[in-house]
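# Per-entry structural report
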Amino acid sequence: NSGNITGRLSVGGIVGKASESNISNCVNRIETVGTYLCVGGIVGILKRSSTITNCANYGIVTGREDVGGIVGQLDNSTLFNVLSSNDIKYNYAIKKIGHLVGYVSGLLTISGYVIYNSDAMLYYYDDAGTKSSLPAFGKLDTGVTMTGETNIKALNKEQLKIGWGAWLLNGNSSKGAWGQQLGTD
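Cut-off values and rules
- Residues numbered from 1 in each chain as written.
- Predicted model: local features only at pLDDT ≥ 70, side-chain atom pairs only at ≥ 80, totals over all residues.
- Heavy atoms only, no water.
- Disulfide = S-S within 2.5 Å.
- Helix = DSSP H or I, 4+ residues; strand = E, 2+ residues; numbered from the N terminus.
- Core = buried A, V, L, I, M, F, W, Y, C linked by side-chain atoms within 4.5 Å.
- Buried < 20%, exposed > 50% of the residue type's maximum accessible area, 1.4 Å probe, protein only.
- Contact = heavy atoms within 4.5 Å.
- Pairing = 2+ DSSP bridges.
- Patch = residues over 30% accessible without salt bridge, like charges linked within 9 Å, V, L, I, M, F, W, Y side chains within 5 Å.
- Areas by Shrake-Rupley, 256 points an atom, 1.4 Å probe, with all protein chains shown as cover.
- Salt bridge = Lys/Arg side-chain N within 4 Å of Asp/Glu carboxyl O.

## Some details on the state of the cysteines
By the definition in use, this model includes 1 disulfide. A sulfur-sulfur distance of 2.4 Å marks the disulfide that ties Cys26 to Cys55. Residues Cys26 and Cys55 share a disulfide whose torsion about the S-S bond is about 115 degrees; that sign makes it right-handed. A residue pair is termed long-range when its members are at least 10 positions apart, and Cys26 in strand 4 (residues 22-28) and Cys55 in strand 8 (residues 51-57) qualify at 29 residues. Distance from the sulfur of Cys38, which forms no disulfide, to the nearest cysteine sulfur (Cys26) is 18 Å.

If you want it as structure tokens, here you go:
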């Protein structure tokens, strides 16, 4: 994709809101900006047995609350082979903000690998220079069930550059859907 994405609520780099849906084989490389809630690099809100498969976000994600590199708000859904390699910007003190998902409720199923750039930063964008590290998930609601969490991998920028993320996402192989220009992607 190219251009810019800006909205108020349920803003995603690929889809704003998805329910009982399968989103696959997509890449977002541009900044996704939401002025309010539920902003994600791929999907703003993902719910009701939806799945994101083989998708990556390289764009900066900016929002107020429920902000994530892949999904802003997730409920009873699956992440399968996804990558988030972006910084997050926010403008509100409530920090339901995460590398992968801002806010999780219900069931979260992790299949394949879910990878994020551990060097990506969180910026409070009304305060020049304030930055900090970011958790994988901003907030897990009471009663959340997560399966497959051992397949969540935090890789630093150098590990991603040498192709470790693509190797894992391809099922420990150099062949597959996850191509990469070594040293750049």
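The discussion continues.
## A look at the nonpolar core
Side chains of nonpolar character tend, in soluble globular proteins, to be buried together. In this structure, Ile23, Leu46, Ile52, Leu79, Leu100 and Phe137 are the most contacted members of the largest nonpolar core, which totals 24 residues. Broken down by secondary-structure element, the contributors of at least two residues to this core are strand 4, strand 7 (43-47), strand 8, strand 11 (71-84) and strand 14 (101-117). The element best represented in this core is strand 14, accounting for 6 residues. Contact partners of Phe137, with chain neighbours within four places excluded, come to Ile97, Gly98, Leu100, Val101, Val104, Leu108, Met146 and Ile152.

## A closer look at the pairing of strand 6 (residues 37-40)
Two strands pair when backbone bridges link them, and strand 2 (residues 11-12) and strand 6 are joined in this way by 2 bridges, in the parallel orientation. Across the sheet, the residue bridging to Gly12 is Gly40, located in strand 6. One ladder, built from 3 bridges, connects strand 6 with strand 10 (residues 65-68); its direction is parallel. Bridging across to strand 10, Leu37 finds its partner in Glu65.

## Digging into the pairing of strand 7
With 4 of its 5 residues buried, strand 7 lies for the most part within the structure. One ladder, built from 4 bridges, connects strand 3 (residues 15-19) with strand 7; its direction is parallel. Along strand 7, the bridge assignment pairs Ala18 with Leu46.

## What to know about a nonpolar patch on the surface
Together, Ile162, Trp164 and Trp167 give the surface a local cluster of nonpolar side chains, amounting to about 340 Å² of exposed area. With respect to the secondary-structure elements, Trp164 resides in helix 2 (residues 164-169). Judged by relative accessible area, which is 38%, Trp164 ranks as partly exposed.

## Considering the pattern of salt bridges
Applying the stated criterion across every chain yields a total of 2 salt bridges. As a salt-bridge pair, Glu65 and Lys96 come within 3.1 Å of each other at their nearest N and O atoms. With a gap of 31 residues between them, Glu65 in strand 10 and Lys96 in the loop between strand 12 (88-90) and strand 13 (97-98) connect regions that are remote in the sequence. With a closest N to O distance of 3.4 Å, Lys96 and Asp66 form a salt bridge. On the criterion of sequence distance, the pair formed by Lys96 in the loop between strand 12 and strand 13 and Asp66 in strand 10 is long-range, its members being 30 residues apart.

## Digging into the sheet that holds strand 2
What links the strands of a sheet is backbone hydrogen bonding, and the strands pair in either a parallel or an antiparallel sense. Strand order in this open sheet of 4 strands is 2-6-10-13, and the pairing throughout is parallel. The open sheet has two edge strands, strand 2 and strand 13, and neither has a second partner. Direction of pairing for strand 10 relative to strand 13: parallel, over a ladder of 2 bridges. For Gly68, the partnering residue across the bridge sits in strand 13 and is Gly98.

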